[in-house]
Amino acid sequence: QVQLVESGGGLVQAGGSLRLSCAASGSIFSINSMGWYRPAPGKQRELVAGITSGGHTNYADSVKGRFTISRDNAKNMVYLQMNSLKPEDTAVYYCNAEDSWYNDYWGQGTQVTVSS
């Protein structure tokens, strides 16, 4: 089992920045990829940014060039640096981890609100 706890959400004006953090605990040795998700129309959640254990990253087209995902394996942390925020980025952001057996784990979510 893996437990994930997010932090760093809040209220920011359009054009501002926020940094989300996700702390992983439990069976962290089994974690392969990690990522950040948010709800999307017609989907339960969409991938915002993902990072593999080897450091390979991928991003949703809507956030490329504005968001950066990073991972500190020594601290069991994953981060999402969000710059040039837009009102349409407003959402609850969820941290996700996938283990070696393709089990998915989710945090409780952190609210990001971008005012225009």
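Provided above is the structure to which this section pertains.
Residues numbered from 1 in each chain as written. Predicted model: local features only at pLDDT ≥ 70, side-chain atom pairs only at ≥ 80, totals over all residues. Heavy atoms only, no water.

## What about the state of the cysteines?
Scanning the entire structure with this criterion turns up one disulfide. Cys-22 shares a disulfide with Cys-95; S-S distance 2.1 Å. An S-S torsion of about -85° defines the bridge between Cys-22 and Cys-95 as left-handed. Residue Cys-22 is located in strand β3 (residues 18-26), and its partner Cys-95 is located in strand β9 (residues 91-99); the two are separated by 73 residues in the primary sequence. As far as the burial class goes, Cys-22 and Cys-95 line up, both buried. (Disulfide = S-S within 2.5 Å. Helix = DSSP H or I, 4+ residues; strand = E, 2+ residues; numbered from the N terminus. Buried < 20%, exposed > 50% of the residue type's maximum accessible area, 1.4 Å probe, protein only.)

## As for the sheet that holds β3
Taken together, the four strands give an open sheet; going across it, the order is β1-β3-β8-β7, and neighbouring strands pair in antiparallel fashion. Across the chains shown, the open sheet's two edge strands, defined by having one partner strand only, are β1 (2-7) and β7 (67-72). If you compare each strand with its neighbour and ignore which way they point, the axes differ by 15° on average. Summarising the sheet, β7 and strand β8 (residues 77-82) pair through six bridges and their orientation is antiparallel. Residue pairing across strands places Phe-67 opposite Met-82, the latter belonging to β8. (Pairing = 2+ DSSP bridges. Axes fitted to C-alpha atoms, helices over the stretch in contact; angles between N-to-C directions.)

## Focus: the packing of aromatic side chains
For the coordinates displayed, the defined rule picks out one aromatic pair. The ring of Trp-106 carries Arg-45 above its face, with NZ or CZ at 4.5 Å from the centroid. (Phe/Tyr/Trp six-rings, centres within 6.5 Å; stacked < 30°, edge-to-face > 60°. Lys NZ or Arg CZ within 6 Å of the ring centre and 35° of its normal.)

## Comments concerning the side chain of Thr-110
Structurally, the position occupied by Thr-110 is in strand β11 (residues 110-115). Only 3.2 Å separates the side chain of Thr-110 from the backbone nitrogen of Gly-9, close enough to count as a polar contact. Not counting chain neighbours up to four residues away, the residues in contact with Thr-110 comprise Glu-6, Ser-7, Gly-8, Gly-9, Leu-20, Ala-91, Val-92 and Tyr-93. (Polar contact = N/O pair within 3.5 Å; in protein donor to acceptor, adjacent residues only side chain to side chain. Contact = heavy atoms within 4.5 Å.)

Remember that the coordinates give geometry; whether it matters functionally is a separate question.
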